[in-house]
Amino acid sequence: MSQGDTDSSTPGAAAYRELLGELRQAALLRSSVALLGWDQETYMPRRGGALRAEQLAQLESLAHRQATQPKLAELFEAAESDAELTADPMVAANLREGRRRYERAVRLPEELVREFTETTSLASEAWRDARAQSDFSAFQPWLTKVVELTRRKAECHGASAPGEMYDALLDDYEPGADTASIDRVFGELRDWLVPFAAEIAASPGAPSDAPQRLRVPIERQKELNALVAERIGYDFASGRVDISAHPFCTFIGPGDTRITTRYTEERFADALSSTMHETGHALYDQGLPKDTRFGEPVADVASHAMHESQSRLWENQVGRSQQFWRWAMPEARRVLGDAVEGVTPEAMFGAVNRVEPSLIRVDSDEVTYHLHIMLRYDLERAMLAGDLAPADLPGAWNERMKRDLGLEVPDDARGCLQDVHWSHGYIGYFPTYTLGTLYSAQFWAAARRDLPDLEEGFARGEFAPLLEWLRERIHRQGSRFTPPELVERVTGAPLTPRPLMEYFEERLRPLYGI
Ligand code: ZN
């Protein structure tokens, strides 16, 4: 715990101190889980998968046991009933968030936690091979098992009917969200997005994607990506960048937040975009009040969607802006050399903002991206409710891709096997991508109001004002506020899709001449 929070003389304060000590023990175990998970995705030899699953399951069940000890209920109670103690807003937030998590955790038997962890670890290995060979049948038994275990989790959280399963899981990813509110927001966005995407598709003014087809040696790209990550604020003394099949960011502990990315020789801007995305996640983690409060609930991120808002903001609002490329293109020419000779910032700006339906979610443009999310949201909900058998997933996926994005899926690697989430058991996670994007657009509009020179600063390579704005309002707040409270405090309004629509209009209409 940090100094100065409490007056240690009261019984409530003593209980609070003991409680934070116990939570820190659980956090230490979980940070070891995170490190082993990072290693599994980056450097672990292929044959190490079985032992890794066992290690993860063992550590995760120890962490679960630590975090669900019956005595914690008494400690919570003693601390909560001390009015002097809870007058401190950080203490109150720690107790609120800590209790929410405690109550969720105690509903899950340790055996289920163990089985879930071991199964998803093995499933993610199976997924990697199945995807490499585009062989859904090799992954299907694992998916069936993951869905089954996820259902059991939902039942532990009180879901008794199939229609309630998804809601019961959402609290793990976006506390307070439910399918009714997501349906409403997604519906409003979709009604606007589909005709807008059609208008763009029909316009003759599509920018050229030629700069995205240049071949750039991967070693050079790594240098450029590191340069950009550092410039926007990533602290390399507290992190590192590696390569993985699916880019991710992982918080190991104070002073250790790692990201991964992936490269192809073509489309160097996609790798950069992915690095900026993960850097955005890392900046949030590096800005949390973890150094003094590691293990305290309040030192954690507010939610997964809030996390995603930070990554999407740097990836899109910053990384696809004209001003960003006015700074980045000369840097890219210097680092990448002849490969990008003659490419102007304007050409890059056009290329990275092309709207064109893609088979792959992480490579897709900003507009049609959300159709990918809505598709996954509908399909995972149907699987969980038992309306879609895992064996029928490829067919259902391909049909939706045709209907929603007009694309024929050539193989499952570029279809339902493309994302890692279901193998990890992250069912209920996908909506946070779109919710996070909506938050990001709303934050962006507020930051532009507060900082009039913001975008012109990007052209000079100045990103610190935006980072500081985010640090003060969002990162340092940890989970002191719930996501709806935080978005209201920062922007003065509840979550709405309007700012995202306005951002698309402002950026894409002039580019496409529509
Ligand atoms: Zn992300």
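Residues numbered from 1 in each chain as written. Predicted model: local features only at pLDDT ≥ 70, side-chain atom pairs only at ≥ 80, totals over all residues. Heavy atoms only, no water.

Participant: How should I be thinking about helix 21 (residues 483-491) in this particular structure?
Facilitator: Because an α-helix completes one turn every 3.6 residues, residues spaced three or four positions apart along the sequence face the same direction. Residues of helix 21 that are buried include every one of P483, L486, V487, V490 and T491, and no others. Buried residues along helix 21 cover an arc of 100° about the axis, so they all sit on one side. Looking at the residues trailing helix 21, positive phi occurs at G492, about 80°. (Buried < 20%, exposed > 50% of the residue type's maximum accessible area, 1.4 Å probe, protein only. Helix = DSSP H or I, 4+ residues; strand = E, 2+ residues; numbered from the N terminus. Arc of directions from axis to C-beta.)

Participant: Would you take a moment to explain the coordination of the zinc ion for this structure?
Facilitator: Each pair of donors in an ideal four-coordinate tetrahedral metal site encloses 109.5 degrees, whereas pairs in an ideal six-coordinate octahedral site enclose 90 or 180 degrees. Within the protein, H277 (NE2), H281 (NE2), E308 (OE) and E308 (OE) serve as the donor atoms for the zinc ion, at 2.1 to 2.8 Å. We note that the donor set of the zinc ion lies within a single chain, spaced as H-x3-H-x26-E. Of this pair, H281 sits in helix 11 (residues 268-287) while E308 sits in helix 13 (residues 304-318), and the two are 27 residues apart along the sequence. (Donors = N, O, S within 2.8 Å, 3.2 Å for Na, K, Ca; no water.)

Participant: Explain the sheet that holds strand 2 (residues 249-253) to me, please; I cannot follow it from the model alone.
Facilitator: If you trace the 3 strands from one edge of the open sheet to the other, you get 1-3-2, paired in mixed fashion. Here the strands that pair on one side only, and so sit at the sheet edges, are strand 1 (241-243) and strand 2. For this sheet, the mean angle separating the axes of adjacent strands, direction not counted, is 30°. With 3 bridges joining them, strand 1 and strand 3 (residues 256-261) adopt parallel strand pairing. (Pairing = 2+ DSSP bridges. Axes fitted to C-alpha atoms, helices over the stretch in contact; angles between N-to-C directions.)

Participant: Help me out: how do you make sense of the packing of aromatic side chains in this one?
Facilitator: When we look at a pair of aromatic rings, we describe it by the centre distance and by the angle of the planes. Taken as a whole, this structure holds 21 aromatic pairs when the rule is applied. An aromatic cluster is present here, built from Y173, W397, W422, Y426, Y429, F430 and Y433 joined pairwise through their rings. Between the NZ or CZ atom of R312 and the centre of the ring of Y369, over which it lies, the distance is 3.9 Å. The ring of Y433 is capped by R361, whose NZ or CZ atom sits 4.5 Å from the centre of that ring. (Phe/Tyr/Trp six-rings, centres within 6.5 Å; stacked < 30°, edge-to-face > 60°. Lys NZ or Arg CZ within 6 Å of the ring centre and 35° of its normal.)

Participant: I keep staring at the pattern of salt bridges and nothing clicks. Help me out?
Facilitator: This model, assessed by the stated rule, comprises 54 salt bridges. Across the salt bridge formed by E97 and R100, the nearest N and O atoms sit 2.9 Å from each other. Of the two residues, E97 and R100 are both situated in helix 5 (residues 89-106); the distance of 3 residues between them amounts to about one turn of the helix. Taking the relative accessible area as the measure of exposure, R100 reaches 25% and is therefore partly exposed. Measuring nitrogen to oxygen at the nearest pair gives 2.8 Å for the salt bridge that ties R213 to D209. A single network of salt bridges, built from pairs that share partners, joins R96, E97, R100, R101, R104, D171, D172, K290 and D300. (Salt bridge = Lys/Arg side-chain N within 4 Å of Asp/Glu carboxyl O.)

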